[in-house]
Amino acid sequence: LLAGVILLLVGIGAFTAFPRLFSQHVTTTPTATNVVVGRIGFVHSAHASHNTFDQLKIDLENIASPPANTAYYAWLVNSNSPESSFPPHWRLQLSNGSIHSPPNNYSYPSYPDLYTQSDQFLITEESATSIPVVPGIPIYYAVISHTSSSSPTFDVKQCPANSSNSPANPCS
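These lines cover the structure that appears in this document, whether it is placed above or below. Every chain begins its residue count from 1, and numbering advances along the sequence as written. In keeping with the model being predicted, local features are shown solely for residues with a pLDDT of at least 70 and side-chain atom pairs are shown and tallied solely at 80 or more, while totals for entire chains, interfaces and linings include all residues. Hydrogens and water molecules were not included; the side-chain quantities draw on all heavy atoms of the structure.

## Overview of the environment of P152
Threshold: Under the scheme used here, helices are H or I runs from DSSP no shorter than 4 residues and strands are E runs no shorter than 2 residues, and both carry numbers assigned from the N terminus. Type-normalised accessible area, obtained with a 1.4 Å probe on protein chains alone, sets the label of each residue: buried when under 20%, exposed when over 50%, and partly exposed for intermediate values. Every residue pair with non-hydrogen atoms within 4.5 Å of one another is taken to be in contact.
Looking at the secondary structure, you find P152 in the loop between strand 8 (138-143) and strand 9 (153-158). Relative accessible area serves as the criterion here: at 0%, P152 is assigned to the buried category. Residues within four places of P152 in sequence aside, it is in contact with I40, G41, F42, F53 and Y115.

Here's what the structure looks like:
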């Protein structure tokens, strides 16, 4: 009986160890999800009413160039408003893999408080030959919560390759 148990253990050990001895060692890199590429911040300008944020500051790094004939657009979206509304958006300039607010932060005259009127920040690829009206499929996003203090800032993340749309992940 003891010889049978030993033989069984040796067989199991050989069965699990043998393939490892002759396999090539391959290191796999896990697919990164929710990679933070930068931050956005809402800014209170000198012309804004008290406790309103009428400007948006964008600082992103390691951004790939958009495909030919396309451009990146940033959008501030309220997921509870009808899609027919015209959300604030700006064409972004990519420089050496970075997107930063121009010398002045982004503003949108018809939206005096960008912060309270949005719950998602999206970056989409759009045609470079026309001005978009509604956002396309997001490539980068930030979920905007309204619990922040006097300087609301949020992480901008890369959209996962395979994702489903939800309030916490507006990609798809």
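## Re unusual backbone geometry
With a phi angle near 60 degrees, N51 is a residue other than glycine that sits in the positive phi range. For N51, the position within the fold is in the loop between strand 1 (36-43) and strand 2 (55-60). Even without glycine at this site, N96 takes up a positive phi of about 55 degrees. Within the element layout of this structure, N96 appears in the loop between strand 4 (89-91) and strand 5 (99-100). In this structure N96 comes out as exposed when scored by relative accessible area, which is 79%.

## Points about the packing of aromatic side chains
As a reminder, the rule being used: Side-chain rings of Phe, Tyr and Trp (the six-membered ring for Trp) are treated as a pair once their centres are within 6.5 Å; stacked means planes under 30 degrees apart, edge-to-face means over 60, and tilted covers the remaining angles.
Inspection of the entire model under this criterion finds eight aromatic pairs. Site record: aromatic cluster; members linked through ring pairs are F42, F53, Y115 and F154.

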